[in-house]
Amino acid sequence: MFSQIPGALSRAILIAMMVATPSLLVPSTGPDTAQIVIVLSILAGFMTFIEYYGKYPSIIEFRFAPPFNRLKFFALSAILIVLSLICRGTTDPTGWTVLLTNMGTALGEAVDFPYSPVRMVVLMMPADADQALIDLVRTASGISYTVSLVMMFIFLTLVRLLGWPSRNGAFNVWVNLPLFDPTGGGDVLYRLRRDAGLNVVLGALLPFLIPAAVRAASDMIDPISIANPQTLIWTMTAWAFLPASMLMRGIAMSRIADMIEQKRRRAYAEDDILGKGLQRA
């Protein structure tokens, strides 16, 4: 168990640094916000350490099926770092921030077409919002959504072309899906495919539904509040990353269901061959 301490500690430090990244890079972070972020970073790091220090997972799914969680970590870190640098460039511009802002602006304009999720986010803003804020929201949403899509397509490639997760050895459903009870009743295949379909549908619809819901509830929720850099960064990150994570989870669970079905077919075929052999004997 002590051999797991270095890996658990390194993961905890990385998670804590990732949570603190926006506050570290954005110069306009207030002291109260900084204190809250420090507490959240320590809490996230502690929970990660406890999770990876244990021999068996309790919350994190696909822990023993890399690179599922690594891919999500790198994508989330990339979104937070890029958005933080762009927000930093609004008050403290440098060569890197200007370059990232120009690239993000071009990317945001490219994906801001009618009926796209980015267009829905832009339309979420009130009519009297400052044009600079609208442009920043377009840039942030375009970057976060594009990175999330790239993350999902990379994982899809790993599943369809490289045979994830079977290429990493035997797959243990209980260890890699700690929140899924195989003995909870009903056929495992049906439940896995039902959960996979639900995750795929929600992951595809949420980027459209969330801005529409905020727009409909604009009397109670003021979208202009995302003018705060911290709020903008985390809101755009959650809006794009969480649905993409649900899509990845749906794809993964569908793949697991296919593997179980293939294993069942092989077992049935072997039983048929054995039964025919016994009959002939």
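As the structure is a computational prediction, the values presented were derived from the model and not from experiment.

1. Examining the packing of helix H5 (residues 117–124) against helix H6 (residues 131–160)
Then, number 1: Packing of H5 against H6 leaves a shortest axis separation of 9 Å and a crossing angle of 150°. What the angle tells us is that H5 and H6 run roughly antiparallel. For the pair H5 and H6, the sense of crossing is right-handed. For the pair H5 and H6, the contacting residues are Pro 117, Val 118, Val 121 and Val 122 in the first and Ile 134, Val 137, Arg 138, Ser 141, Gly 142 and Tyr 145 in the second.
Then, number 2: In the contact of H5 with H6, the residues fall into seven nonpolar, two polar and one charged.

2. Re the environment of Ala 227
Then, number 1: Structurally, Ala 227 is set in the loop between helix H8 (188–216) and helix H9 (229–280).
Then, number 2: Take Ala 227: its relative accessible area is 43%, and that puts it in the partly exposed class.
Then, number 3: Here the alpha-carbon distance between Ala 227 and Ala 129, two residues 98 residues apart in the chain, equals 9.6 Å.

3. Some words on the packing of H5 against H8
Then, number 1: Between H5 and H8, the least distance of the axes is 9 Å, while the angle of their chain directions is 10°. One finds that H5 runs roughly parallel with respect to H8. Where H5 approaches H8, its residues Pro 117, Met 120, Val 121, Leu 123 and Met 124 are matched on the opposing element by Pro 207, Phe 208, Pro 211, Ala 212, Val 214 and Arg 215.
Then, number 2: The residue inventory of the contact of H5 with H8, partitioned by class, reads 10 nonpolar, no polar and one charged.

4. Thoughts on the UniProt feature "transmembrane region" (unreviewed entry) in the protein chain
Then, number 1: Taking the numbering used here, the UniProt-annotated feature "transmembrane region" (unreviewed entry) corresponds to residues 12–30, 36–53, 73–91, 143–162, 196–218 and 238–257.
Then, number 2: The straight-line gap between the two end C-alpha atoms of residues 143–162 is 27 Å; of that span, 90% is helix and 0% is strand.
Then, number 3: Between the C-alpha atoms that bound residues 196–218 the distance is 32 Å, and the span itself is 91% helix and 0% strand.

5. Let's talk about the nonpolar core
Then, number 1: Among the nonpolar cores identified, the biggest contains 61 residues, and Phe 62, Phe 155, Trp 164 and Leu 192 are the most heavily contacted of them.
Then, number 2: Broken down by secondary-structure element, the contributors of at least two residues to this core are helix H3 (68–89), helix H4 (95–111), H5, H6, H8 and H9.
Then, number 3: With 16 residues, H9 is the largest single contributor of residues to this core.
Then, number 4: For Phe 155, the residues in contact, after removing those within four places along its chain, are Phe 68, Leu 71, Trp 164, Met 248, Ile 251 and Ala 252.

6. Regarding helix H1 (residues 5–25)
Then, number 1: When the terminal C-alpha atoms of H1 are compared, their 29 Å separation across 21 residues agrees well with the 30 Å that a helix rising 1.5 Å per residue should span.
Then, number 2: Roughly 40° is the biggest bend found in H1, and it falls at Val 19, with proline Pro 22 one to four residues downstream.
Then, number 3: Among the residues making up H1, those that are buried are Ala 8, Ala 12, Ala 16, Met 18, Val 19, Ala 20, Thr 21, Pro 22 and Ser 23.

7. Observations concerning unusual backbone geometry
Then, number 1: Between Pro 66 and the following residue, Pro 67, the backbone shows a cis peptide bond with an omega angle of 5°.
Then, number 2: With an omega dihedral of -5°, the bond running from Trp 164 to Pro 165 counts as a cis peptide bond.
Then, number 3: Summarising the element assignment, Pro 165 is placed in the loop between H6 and helix H7 (173–176).
Then, number 4: Residue Phe 62 is not a glycine yet carries a positive backbone phi of 55°.
Then, number 5: Relative to the helices and strands, Phe 62 resides in the loop between helix H2 (31–53) and H3.
Then, number 6: With a phi close to 70°, Tyr 115 is a non-glycine residue in the positive phi region.
Then, number 7: Secondary-structure assignment places Tyr 115 in the loop between H4 and H5.

Thresholds applied
- Residues numbered from 1 in each chain as written.
- Predicted model: local features only at pLDDT ≥ 70, side-chain atom pairs only at ≥ 80, totals over all residues.
- Heavy atoms only, no water.
- Axes fitted to C-alpha atoms, helices over the stretch in contact; angles between N-to-C directions.
- Helix = DSSP H or I, 4+ residues; strand = E, 2+ residues; numbered from the N terminus.
- Parallel < 35°, antiparallel > 145°, perpendicular 65-115°, else oblique.
- Left-handed = near helix turned anticlockwise from the far one by under 90°.
- Contact = heavy atoms within 4.5 Å.
- Nonpolar A, V, L, I, M, F, W, Y, C, P; charged D, E, K, R; others polar.
- Buried < 20%, exposed > 50% of the residue type's maximum accessible area, 1.4 Å probe, protein only.
- UniProt positions renumbered as here; feature names shortened; annotations may be inferred.
- Core = buried A, V, L, I, M, F, W, Y, C linked by side-chain atoms within 4.5 Å.
- Expected span 1.5 Å × (residues − 1).
- Bend = angle between axes of the 7 residues up to and from the residue.

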